[in-house]
Amino acid sequence: MQPFALNYARPAAELEFATPYTYDSGLQLNVLLDGGIAARDHALLRELGTTTSTAGSKTHFDD
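Quick caveat: nothing in here was measured; it's all calculated off a predicted structure. (Residues numbered from 1 in each chain as written. Predicted model: local features only at pLDDT ≥ 70, side-chain atom pairs only at ≥ 80, totals over all residues. Heavy atoms only, no water.)

Student: Before we move on, can you summarise the overall build of the protein with the specific residues and values?
Tutor: Scanning the protein for helices and strands turns up two helices and two strands. Walking the protein from its N terminus toward its C terminus, one meets helices and strands in the order β-β-α-α. Buried positions account for 13% of the 63 residues belonging to the protein. (Helix = DSSP H or I, 4+ residues; strand = E, 2+ residues; numbered from the N terminus. Buried < 20%, exposed > 50% of the residue type's maximum accessible area, 1.4 Å probe, protein only.)

Student: I'd like a rundown of unusual backbone geometry, residues and numbers included.
Tutor: Most of the time, phi is negative for any residue but glycine, and the peptide bond is trans. Even without being glycine, Gln-28 reaches a positive phi, approximately 55°. In this fold, Gln-28 is placed in the loop between strand S1 (21-24) and strand S2 (29-32).

Student: Quick rundown of the pairing of S2? Include the residues and the values.
Tutor: As paired strands, S1 and S2 are joined by four bridges and run antiparallel to one another. The partner of Tyr-23 across the bridge, within S2, is Asn-30. Where S1 folds back onto S2 in an antiparallel hairpin, the turn is made up of four residues, including Gln-28, whose phi is positive at roughly 55°. (Pairing = 2+ DSSP bridges.)

Student: How would you explain the environment of Asn-30 if you had to name every residue and give the values?
Tutor: Inspection of the secondary structure assignment puts Asn-30 in strand S2. Residues Asn-30 and Pro-20 lie 10 residues apart in sequence; the distance between their C-alpha atoms is 9.6 Å.

Student: Tell me about the confidence of the model for the protein, and name the residues and values.
Tutor: Residues at a pLDDT of 70 or more form 63% of the protein, whose mean pLDDT is 76. Looking over the protein, one finds the lowest element-wise mean pLDDT in helix H2 (residues 55-59), namely 55, and the highest in S2, namely 91. (pLDDT = per-residue confidence, 0-100.)

In structure tokens form, the structure reads like this:
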């Protein structure tokens with residue numbers, strides 16, 4: 001017997017998306033291409049929901 005969910009589960013479509021910010025290790029913040037702080041860009045936060053980076057997971061084992 002096959003579980004019900006497997007009849008309807010589909011792989012997520014992979015979207016190509018370039019983040020409009022990069023991580024600045026000196027500031028320890030995500031920075032926009034124009035040099036502004038990504039967390040202060042309210043339109044960006046509304047569109048993406050968050051600005052995350054992998055820096056914490058590389059420096060702190062308990063993140």
